[in-house]
2 protein chains.
Amino acid sequence: MNSSSPSQTIRLYHLALSPFCRKVRLVLAEKRLEVELVEDRYWEPGSEIMRRNPAGKLPVLRMDGRLMAESQAICEYLDEAYPTPALMPPSAIERYEVRRLCTWFDDKFNAEVTRPIMIERVWKKVMKAGYPDSRTVKAGLRAIKDHMDYLSGLLESRRWLAGNTMSLADFTAAAHFSCLDYISDVDWERSTTLQEWYATVKSRPAFRSLLADQVPGLPPAPHYAELDF
Amino acid sequence: MNSSSPSQTIRLYHLALSPFCRKVRLVLAEKRLEVELVEDRYWEPGSEIMRRNPAGKLPVLRMDGRLMAESQAICEYLDEAYPTPALMPPSAIERYEVRRLCTWFDDKFNAEVTRPIMIERVWKKVMKAGYPDSRTVKAGLRAIKDHMDYLSGLLESRRWLAGNTMSLADFTAAAHFSCLDYISDVDWERSTTLQEWYATVKSRPAFRSLLADQVPGLPPAPHYAELDF
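Quick caveat, the model's predicted, so the values are computed rather than measured.

Rules behind the numbers
Residues numbered from 1 in each chain as written. Chains lettered and ligands numbered in written order. Predicted model: local features only at pLDDT ≥ 70, side-chain atom pairs only at ≥ 80, totals over all residues. Heavy atoms only, no water. Helix = DSSP H or I, 4+ residues; strand = E, 2+ residues; numbered from the N terminus. Rg over C-alpha atoms; globule rule 2.2 N^0.38 Å. Buried < 20%, exposed > 50% of the residue type's maximum accessible area, 1.4 Å probe, protein only. Areas by Shrake-Rupley, 256 points an atom, 1.4 Å probe, with all protein chains shown as cover. Lys, Arg positive; Asp, Glu negative; His and termini not counted. Charge placed at Lys NZ, Arg CZ, Asp CG, Glu CD. Pairing = 2+ DSSP bridges. Axes fitted to C-alpha atoms, helices over the stretch in contact; angles between N-to-C directions. Contact = heavy atoms within 4.5 Å. Right-handed = clockwise from strand over helix to strand, strands pointing away. Left-handed = near helix turned anticlockwise from the far one by under 90°. Nonpolar A, V, L, I, M, F, W, Y, C, P; charged D, E, K, R; others polar. Domains from an automatic or database assignment. Buried area = accessible area lost by both parts, 1.4 Å probe. Salt bridge = Lys/Arg side-chain N within 4 Å of Asp/Glu carboxyl O. 1 Å grid on protein atoms, 1.4 Å probe; cavity = no way out; pocket = protein on both sides within 12 Å on 5 of 7 lines; lining within 4 Å. Points joined across faces, edges and corners; volume = space filled by probe spheres on them. Polar contact = N/O pair within 3.5 Å; in protein donor to acceptor, adjacent residues only side chain to side chain.

Q: Any details on the overall build of chain A? Residues and values, ideally.
A: Looking only at helices and strands, one finds 8 helices and 4 strands in chain A. Along chain A, from the amino end to the carboxyl end, the secondary structure elements read β-α-β-α-β-β-α-α-α-α-α-α. In terms of overall dimensions, chain A is globule-like: its C-alpha atoms have a radius of gyration of 17 Å, near the 17 Å expected for 229 residues. Buried positions account for 54% of the 229 residues belonging to chain A. For chain A, the accessible surface area stands at approximately 10,300 Å², while carbon and sulfur atoms represent 51% of it. Computed over 31 positive and 31 negative side-chain charges, the separation of the two mean positions in chain A equals 3 Å.

Q: Describe the sheet that holds strand E3 (residues 60–63) of chain A, with residues and values.
A: Residue and element names in this part refer to chain A. Ordered by their spatial adjacency, 4 strands build an open sheet running E2-E1-E3-E4, and the pairing between neighbours is mixed. Every interior strand has two partners, whereas the edge strands, strand E2 (36–39) and strand E4 (66–69), have only one. With direction set aside, neighbouring strand axes in the sheet form an average angle of 20°. Bridge analysis of strand E1 (residues 11–14) against E2 gives 4 bridges, and the strand direction is parallel. For arginine 11, the partnering residue across the bridge sits in E2 and is glutamate 36. Set on the sheet, helix H1 (residues 19–30) makes contact with E1, E2 and E3; between it and E1 the angle comes to about 160°.

Q: Hey, could you go over unusual backbone geometry for me, with residue numbers and the actual values?
A: Of note, the amide linkage connecting Leu58(A) to Pro59(A) takes the cis form, showing an omega dihedral of 0°. You can see Pro59(A) is positioned in the loop between helix H2 (49–52) and E3. For the peptide bond that leads from Thr84(B) to Pro85(B), omega is -10°, which places it in the cis range. Topologically, Pro85(B) is positioned in the loop between helix H3 (71–81) and helix H4 (92–126).

Q: Explain the pairing of E1(A) to me, using residue names and the numbers behind them.
A: Residues and elements named next belong to chain A. Following the chain from E1 across H1 to the adjacent parallel E2, one finds a crossover that is right-handed. Examined bridge by bridge, E1 and E3 share 3 bridges and lie antiparallel to one another. Bridge pairing in E3 places arginine 11 opposite arginine 62.

Q: An account of the side chain of Glu120(B) is requested, with residue identities and associated values reported.
A: For Glu120(B), the location among the structural elements is in helix H4. Those residues within four positions of Glu120(B) in sequence are excluded, and the remaining contacts are Tyr131(B), Pro132(B), Asp133(B), Thr136(B) and Val137(B).

Q: Tell me about the packing of helix H3 (residues 71–81) of chain A against helix H4 (residues 92–126) of chain A, residues and numbers included.
A: Packed helices, taken two at a time, are described by the angle between their axes plus the distance between the axes. All names here are of chain A. With their axes 11 Å apart at the nearest point, H3 and H4 run at an angle of 145° to one another. Handedness of the H3/H4 crossing: right-handed. Contacts between H3 and H4 involve Ser71, Gln72 and Glu76 from the former and Arg99, Cys102 and Asp106 from the latter. Class assignment for the residues of the contact of H3 with H4 results in 1 nonpolar, 2 polar and 3 charged.

Q: Help me get a handle on the domain arrangement of chain A, residues and values and all.
A: All names here are of chain A. Once the domains are mapped, chain A shows domain 1 (11–81) and domain 2 (92–210). Distance between the C-alpha centres of domain 1 and domain 2: 20 Å. Of the residues lining the interface, 20 residues belong to domain 1; the matching set on domain 2 comes to 24 residues. In total, domain 1 and domain 2 occlude about 2,000 Å² of area from one another, counting both sides; carbon and sulfur atoms represent 67% of this. Across the domain 1-domain 2 interface, the total number found is 3 salt bridges. Arginine 204 is paired through a salt bridge with glutamate 30; the nearest N and O atoms lie 2.6 Å apart.

Q: Break down the layout of surface pockets for me, citing the residues and quoting the values.
A: In this structure, the second largest pocket spans a volume of roughly 460 Å³. Looking at the second largest pocket, it is lined by 24 residues, and the ones nearest its centre are Tyr96(A), Glu97(A), Arg100(A), Arg158(A) and Arg66(B). Every element with two or more residues in the lining of the second largest pocket is listed here: H4 of chain A together with helix H2 (49–52) and strand E4 (66–69) of chain B. Tallying contributions element by element places H4(A) first for the lining of the second largest pocket, with 6 residues. Of the residues contributing to the lining of the second largest pocket, the split by class is 12 nonpolar, 5 polar and 7 charged.

Q: A description of the environment of Ala73(B) should follow, citing residues and the corresponding values.
A: With respect to the helices, strands and loops of the structure, Ala73(B) is situated in helix H3. Apart from residues no more than four positions distant in its own chain, Ala73(B) is found in contact with Tyr96(A), Arg99(A) and Arg100(A).

Q: Could you give an account of the interface of chain B and chain A, with specific residues and numbers?
A: Of the residues lining the interface, 24 residues belong to chain B; the matching set on chain A comes to 24 residues. Summing both partners gives a buried area of about 2,200 Å² for chain B against chain A, and 64% of it is carried by carbon and sulfur. Per-residue buried area on chain B facing chain A is highest for Ile93(B), Tyr96(B) and Arg99(B); these three make up 25% of the total on that side. On inspection of chain B and its partner chain A, the count reaches 8 salt bridges. The salt bridge involving Arg99(A) is made with Glu76(B); its shortest N-O contact spans 3.5 Å. Summed over the shared surface of chain B and chain A, the number is 10 residue pairs in polar contact (both at pLDDT 80 or more). Of all the secondary structure elements, the ones that give two or more residues to the side of chain B that touches chain A are E4, H3 and H4 of chain B.

Put into structure tokens, the structure is as follows:
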């Protein structure tokens, strides 16, 4: 461990509307760790992303003189190194369920919903890479319905997504939903249960920085930052 | 927790040449947990995969009267519930590195190497779904070179992939390499360091069940099961 500069500012190389970056921001804020956000438009000349992360992905967290990558590995590290408030439950089987749901969102939900919709409706515009493909958007909007029904089902027998305590699973899910909510692509009327869950997560102080995001040329949906939407 | 049948046989619904299933098999064997392997050819009629895992993916582990999905979540659970021998190192920062590398393989290496090569050279044949696309195979074989160089670099300063103790990162990596090695698609001459690492992992008793795999109509490469290849 390079501990030559332990008091160095924590810095997150990120993109505002990336669910993986948002997940790390939520955990940092929940742990009351102050962070300097540096946007890395990695597709533009001059980006040093490959030097910071050989996997070429965001987010990258600079902390304790070290560069850290992979949002789930970072979040588990932050929860272990800064255990209060805890974002992982105490028992092994409860932690299993949190991790299963984190992968559900970062893998399946991302592949079927977040990534296709965000590429077509946000990133093509931001990167000036053509027009959205409406078939891809429609497929994503169809897929989100099944996901919302599955999550509503979970919330019928649980207070939070992975059990009766708030966990990293809720933050992971909220990170994805908040990106889609920025562009108004979540039909909250489909599930009051899920809408109430999101309103609760969104009202946490840790969410404030996300709700203040403004992407140039792409203003958020009017209800995006409202706490009683 | 449904503990009505705690002594029920542990069962893994799997596919022989899936790296995610192999990862769980390796961890179960390392923990000396006996498991009944049930092949689930989920593309054939009669598969109940969606009932067992709403994400529709393998492996699914039936254990303690419960169905568990997502290989990383399962492996972390097994390591927490059966801590000897440990597959996660003691400090938070070491565990971070293990998890970063697990994601490296299950996400990046899988997307660039394992999945494209296995789809073209194995699954299309097994599923009778057409002929391999040689461009895709070639792209995978190009990508594996960069990965091997990166891993060799890591092993120059470490005894094992994530540090100086064997961990879940080594099993995750070996699970992917072993699938490719079955069809002889790893050019071990590229890196003696990596070859020696793989020979060491492969010689563990936990690896025996994998080395005995025989996929009908697709015999393994001659060196696949040899310990001193």
